[in-house]
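A closer look at the structure
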Amino acid sequence: MTGVPASAAGEAGRRPVPGAKLGAAAVNQASLWNIANILTMIRLVLVPGFVLLLLADGGYDPAWRAWAWAAFAVAMITDIFDGHLARTYNLVTDFGKIADPIADKAIMGSALICLSWLGDLPWWVTGVILGRELGITLLRFWVIRYGVIPASRGGKLKTLAQGTAVGMYVLALTGALATMRFWVMAIAVVLTVVTGLDYIRQAVMLRRQGLAAERAAK
């Protein structure tokens, strides 16, 4: 997400670490004002600040772009830590489960839209990435009664590539670095499409297995 890796928290949500047992009571007992949720709130607050910094002075001042990158980087760093803290210390709350993915998509979506609006990034790239995220969100609701599809290694690489590429586009880079960011974004787009198709495949399989289990139980 920035030159600073982002976690795949948006993909996986806040799930307990393997082998850990986090019951409903633990979820309910976690305070709303815990450190994980506070970091999520900070990320949400950073979104409008990031947009203002990126678009300041017409959106092409290198100094303002550097400040925008710093805000973007802080947002991505909080994304890494809030999910880790929530899983490790049983700080999962209903608010966190809803706000965390919203914050992830808000910062990434606002960056992509602003960059396209400024003419730095083709609109079709923004459409592919945001369309994929919206589609996966809808798929989650489609199969949620049958189970949850875990984050894959490809999904984590996709998140890292997207964050790195977008961060490089936020900065006012020239020369070889500007060329490099094009190829990093190309990798991010390929991973976005490939992992999206794989998620669709897994969702269809999960739904078929769930329907088969329901028919067998009747």
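Use the structure listed above.
A few points on the structure. (Residues numbered from 1 in each chain as written. Predicted model: local features only at pLDDT ≥ 70, side-chain atom pairs only at ≥ 80, totals over all residues. Heavy atoms only, no water.)

**Quick notes on the overall build of the chain**
- The secondary structure content of the chain amounts to eight helices and zero strands.
- Mapped in sequence order, the helices and strands of the chain form the string α-α-α-α-α-α-α-α.
- The 218 residues of the chain split such that 43% are buried.
- If you take every contact in the chain between residues at least 6 apart in sequence, the share linking residues at least 24 apart comes to 81%.
- When the accessible area of the chain is evaluated, it comes to approximately 11,300 Å², of which 72% is carbon and sulfur surface. (Helix = DSSP H or I, 4+ residues; strand = E, 2+ residues; numbered from the N terminus. Buried < 20%, exposed > 50% of the residue type's maximum accessible area, 1.4 Å probe, protein only. Contact = heavy atoms within 4.5 Å. Areas by Shrake-Rupley, 256 points an atom, 1.4 Å probe, with all protein chains shown as cover.)

**Regarding the environment of Trp64**
- Relative to the helices and strands, Trp64 resides in helix H4 (residues 62–88).
- When the C-alpha atoms of Trp64 and Leu52 are compared, they prove to be 9.2 Å apart, with 12 residues separating the residues in sequence.
- With near-sequence residues (within four places) excluded, Trp64 lies in contact with Leu53, Ala56 and Asp57.

**Focus on helix H7 (residues 153–170)**
- End to end, H7 covers 26 Å across 18 residues, agreeing with the expected 26 Å (1.5 Å per residue, within 8%).
- Within H7, 13 of the 18 residues are buried, which leaves the element mostly enclosed by the surrounding structure. (Expected span 1.5 Å × (residues − 1).)

**Some thoughts on the side chain of Thr78**
- Along the polypeptide, Thr78 turns up in helix H4.
- Side-chain polar atoms of Thr78 contact the side chain of Arg43, separated by 3.4 Å.
- Those residues in contact with Thr78 that sit more than four places away from it in its chain are Leu39 and Arg43. (Polar contact = N/O pair within 3.5 Å; in protein donor to acceptor, adjacent residues only side chain to side chain.)

**Topic: H4**
- Taking 1.5 Å as the rise per residue, H4 with 27 residues should run 39 Å; its terminal C-alpha atoms sit 39 Å apart, in good agreement.
- Measuring from the side-chain oxygen of the N-cap residue of H4 to the backbone nitrogen of Ala63 gives 2.9 Å; that N-cap residue is Asp61.
- Two residues or fewer after H4 comes Asn90, characterised by a positive phi angle close to 55°.

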